[in-house]
Amino acid sequence: VDGGGAAQRLLDEAEQRADFWISIVTSAAPPRSKPVKKMIGSHPGEDEVSDLRENILEELFDLSVERVERLYNDMLRNSIGPDISFEAMRQGLDRCGLPDLDDETLSRVLQVVNTSETHRLEIAEFEAILSRMKLAQLLSGHCRLPLDSNTLGGRRIVLGQSVVKPSASSSAEHLVVVDYSVHAAKVSEIPKSKHREFFFGHRKKPLKPGDPPLVRWVHMNGLDLTLLLAFTVKYALHPLCVEDVIEQQNTKFDRYGCHYFAAIEQLCLVSPMDGSEPVKVHGRHVAIFCSGPPLFDTILTVTEPDHDEKEEWPGGPVRDTIGAGDAWVLRLRQRLNAAHSRLRERRADFLMYQILDLSADELVKVTKAYTTRLSCLEGQPHICASGLVPEWLDEVSLAQLQLAVVSRRLKGLQRLIRKLSEDPDLNAGLTSYVADIRDHIDEAVEDATYLFEKCRTILDQSERELERHEGHCRQVADDELNSRVFLLTVATAIFAPMHFICAVYGMNFAVDDKPTIPELLWPHGYEYFWVLVITYFTLSSTCAVWLWRRFQRKAKEDLSLTNKNSIPARST
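Here the structure is a predicted model, which is why all the values come from computation and not from measurement. (Residues numbered from 1 in each chain as written. Predicted model: local features only at pLDDT ≥ 70, side-chain atom pairs only at ≥ 80, totals over all residues. Heavy atoms only, no water.)

Along the backbone of the chain there are 16 helices and 13 strands. Out of the 572 residues belonging to the chain, those deemed buried represent 44%. Put simply, of all contacts in the chain between residues at least 6 apart along the chain, 69% involve residues at least 24 apart. On the chain, roughly 29800 Å² of surface is accessible, and the fraction owed to carbon and sulfur atoms is 56%. (Helix = DSSP H or I, 4+ residues; strand = E, 2+ residues; numbered from the N terminus. Buried < 20%, exposed > 50% of the residue type's maximum accessible area, 1.4 Å probe, protein only. Contact = heavy atoms within 4.5 Å. Areas by Shrake-Rupley, 256 points an atom, 1.4 Å probe, with all protein chains shown as cover.)

Written as structure tokens, this is what we have:
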């Protein structure tokens, strides 16, 4: 924090001497190595997390106010007299993993940072020594850690001896700094060549003496271990917060001393919202560090894609390889650069609120996309000859699983907002804004729950429609079989009398070569026979057609009545 007074100015100048601190670290003997807990057991991930926090973050990079005070008091107790001895100071530096300095080097360091007339080492000066030497270790590549920075960056911690060196991939797009006040905002991209200047330096003073300090927003796109640890040292971040960033903690909100920390599991919509395509999203993890009262002058954000081992999106997410999920960063920068920016008039806590609001808006947008898509799917024909259309069934079933994840993310953000509203320092100036986010999230939770149940209803209804379809198909097959049987029966009924007549008059009974059937001796008997046959065929065929049509009409009426009684009411 930039302070006033001659002593504070001298200490600020001493802290910005990057070359001096790096020369102290590089010329000294390396720190004594300490035994490190090895990975054991069938679940190495749990041991890795424990080692990361206890053996690395808390031992080597914890420069919180509580720990600095504890180290300073321990050095006073281990010294003879009111002044801290060189030996006690060496022990304090060693406990933070800093190099073993000789008396001459310690004397030089004290001359640089000491600003009091009594030449006694104050706690602020001791904190400056710790932070600047640790930054020098990190940025010069002389910080030896019992882990591989590359595998840690991939969320797989392999214990052993390795050196954390500045990442070769660090570039301007990984670190962006925005300093703003009521009057203006200045955006700076920090390339690798200017990392030392940034971490050892201080922000500029306000334009007017009575103005509050400039608000600084630092954004890091992607996890760079060296930069994250450097931020841990520069801003005295709590080890638990840093661990949550590395391990991509679920959505949460906590306060550690004078710092606020929030982790957000974002879901960003990729597909159109008109329902013309299946809903596609990609996940982003956002970590927010915000300085607390009274200044609220610093906010740090770290964004990266969801880690592969923590991906829970059914069907697999759309991988965000170009940082498209960080569109909210560009939107906030545009708001800060606006001519009459309301955002510039507020402090860092309001910027944190804006980030939470944009994250909630993304989740609301996802639920609306599912609303339109499910409406389209509900109206699509989804029954074919073989049953339900496989693509349709797969999409509805997958949407149901995905909505469960959306609902879980929304409920996590709901808990975050509820916990944020319980903090009196934040809630004092953001009551109405926080209530607005809460209303949006509550509505989105209700929508996601309704859509989840709607997917279940659609699947159940489609199963019933499929059963009706199969029943209809069976009915059609039965009707076709009955029709064929009816035709055979009618044909048999029509031709049976003719068979009988032909059989009777075809018998060759005769007496003295004269037929015994009198009709055979009629002069026009043959013509009478055909008149009888044709008349019979005409009458029987007419009756058969009339019966056929009557049965068909009756069957259609029965089928229509059955379908009308079996159609359930649609849910609205």
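A surface patch of nonpolar side chains, amounting to about 370 Å² of accessible area, comprises Y526, W530 and I534. Along the chain, W530 turns up in helix α16 (residues 525-566). Here W530 falls in the partly exposed class, since its relative accessible area comes to 40%. (Patch = residues over 30% accessible without salt bridge, like charges linked within 9 Å, V, L, I, M, F, W, Y side chains within 5 Å. Salt bridge = Lys/Arg side-chain N within 4 Å of Asp/Glu carboxyl O.)

For T303, the location among the structural elements is in strand β9 (residues 298-305). Residue T303 is classed as buried on the basis of its relative accessible area of 0%. In this view, T303 contacts H219, M220, N221, G222, R284, H285, V286, D326 and W328; residues no more than four positions away in its chain are not counted.

Residue P294 is reached from P293 by a cis peptide bond, and omega for that bond is 5°. The topology assignment puts P294 in the loop between β8 (281-291) and β9. Although it is not a glycine, Q248 adopts a positive phi angle of roughly 50°. Of note, F296 is a non-glycine position whose phi angle comes to about 50°, a positive value. By the secondary structure assignment, F296 is in the loop between β8 and β9. Judged by its relative accessible area of 8%, F296 is buried.

With that out of the way, let us pick up the packing of helix α13 (residues 348-379) against helix α14 (residues 390-421). The N-to-C vectors of α13 and α14 enclose an angle of 155°; their axes lie 11 Å apart at closest approach. By the angle between their directions, the pair α13 and α14 is classed as roughly antiparallel. The element α13 and its partner α14 pack so that their crossing is left-handed. Among the residues forming the contact of α13 with α14, the class breakdown is 18 nonpolar, three polar and three charged. (Axes fitted to C-alpha atoms, helices over the stretch in contact; angles between N-to-C directions. Parallel < 35°, antiparallel > 145°, perpendicular 65-115°, else oblique. Left-handed = near helix turned anticlockwise from the far one by under 90°. Nonpolar A, V, L, I, M, F, W, Y, C, P; charged D, E, K, R; others polar.)

Judged by pairing direction, the sheet is mixed, and its seven strands sit side by side in the order β4-β3-β5-β9-β8-β7-β6 without closing on themselves. The open sheet has two edge strands with one neighbour each: β4 (185-189) and β6 (252-256). Direction aside, neighbouring strands of the sheet carry axes that sit 15° apart on average. Direction of pairing for strand β7 (residues 259-269) relative to β8: antiparallel, over a ladder of eleven bridges. For Y260, the partnering residue across the bridge sits in β8 and is C290. Against the sheet, α13 contacts β3 (175-180), β5 (215-221), β6, β7, β8 and β9, and its axis sits at roughly 25° relative to β7. (Pairing = 2+ DSSP bridges.)

Let's shift gears to the nonpolar core. Residues I129 and F231 are the most contacted members of the largest nonpolar core, which totals 70 residues. Looking at this core element by element, the count peaks at nine residues for helix α7 (residues 123-140). Look past the residues within four positions of I129 in its chain and what remains in contact with it is W21, M89, L93, V109, L110, V113 and L121. (Core = buried A, V, L, I, M, F, W, Y, C linked by side-chain atoms within 4.5 Å.)

Among the structural elements, L240 can be located in helix α11 (residues 239-246). According to the relative accessible area criterion, L240 is partly exposed, its value standing at 29%. For the pair L240 and F261, spaced 21 residues apart in sequence, the C-alpha separation works out to 9.7 Å. Contacts of L240, omitting those with residues within four sequence positions, involve R53 and Y256.

Okay, a negative patch on the surface next. On the surface, D460, E463, E467 and E470 cluster together into a patch of negative charge. Tracing the backbone shows E467 in helix α15 (residues 424-505). Residue E467 is classed as exposed on the basis of its relative accessible area of 52%. (Lys, Arg positive; Asp, Glu negative; His and termini not counted. Charge placed at Lys NZ, Arg CZ, Asp CG, Glu CD.)

Applying the stated criterion across every chain yields a total of 18 salt bridges. For D74, the salt bridge goes to R95, with nearest N and O atoms at 2.9 Å. Highlighted residues: D74 in helix α4 (residues 65-77) and R95 in helix α5 (residues 86-95), separated in sequence by 21 residues. Classification of D74 as buried rests on a relative accessible area of 14%. Where D297 meets R203, a salt bridge forms, and the shortest distance between an N and an O atom there is 3.8 Å. Here the residue D297 occupies a position in the loop between β8 and β9, and R203 occupies one in the loop between α9 (195-200) and β5, the gap between them amounting to 94 residues.

Another point: the layout of surface pockets. Of the voids in this model, the second largest pocket is the one considered here, and its volume is about 560 Å³. D179, K186, S188, K204 and R216 are, among the 23 residues lining the second largest pocket, the residues nearest its centre. Where the lining of the second largest pocket is concerned, the elements lending two or more residues are β3, β4 and α9. A class-by-class count of the residues in the lining of the second largest pocket yields eight nonpolar, six polar and nine charged. (1 Å grid on protein atoms, 1.4 Å probe; cavity = no way out; pocket = protein on both sides within 12 Å on 5 of 7 lines; lining within 4 Å. Points joined across faces, edges and corners; volume = space filled by probe spheres on them.)

What follows deals with the environment of E127. Structurally, the position occupied by E127 is in helix α7. A C-alpha to C-alpha distance of 9.8 Å links E127 and L71, two positions 56 residues apart in sequence. Excluding residues that lie within four positions of it along the chain, E127 makes contacts with E15 and V68.

Now for the environment of M498. Mapped onto the elements, M498 comes out in helix α15. A relative accessible area of 7% means that M498 is categorised as buried. When the C-alpha atoms of M498 and Y536 are compared, they prove to be 8.9 Å apart, with 38 residues separating the residues in sequence.

A few words now on the pairing of β3. Most of β3 is tucked away, with six of its six residues classed as buried. Covered by surrounding structure in β3 are L175, V177 and D179 together with V176, V178 and Y180, the residues of both alternating faces.

The buried fraction of β9 is high, at seven of eight residues. Strand direction decides the pairing type here: β5 and β9, joined by six bridges, are parallel. Across the sheet, the residue bridging to V218 is L300, located in β9. Bridging between β8 and β9 involves seven bridges; their strand directions are antiparallel. When the bridges of β9 are listed, F289 appears paired with L300.

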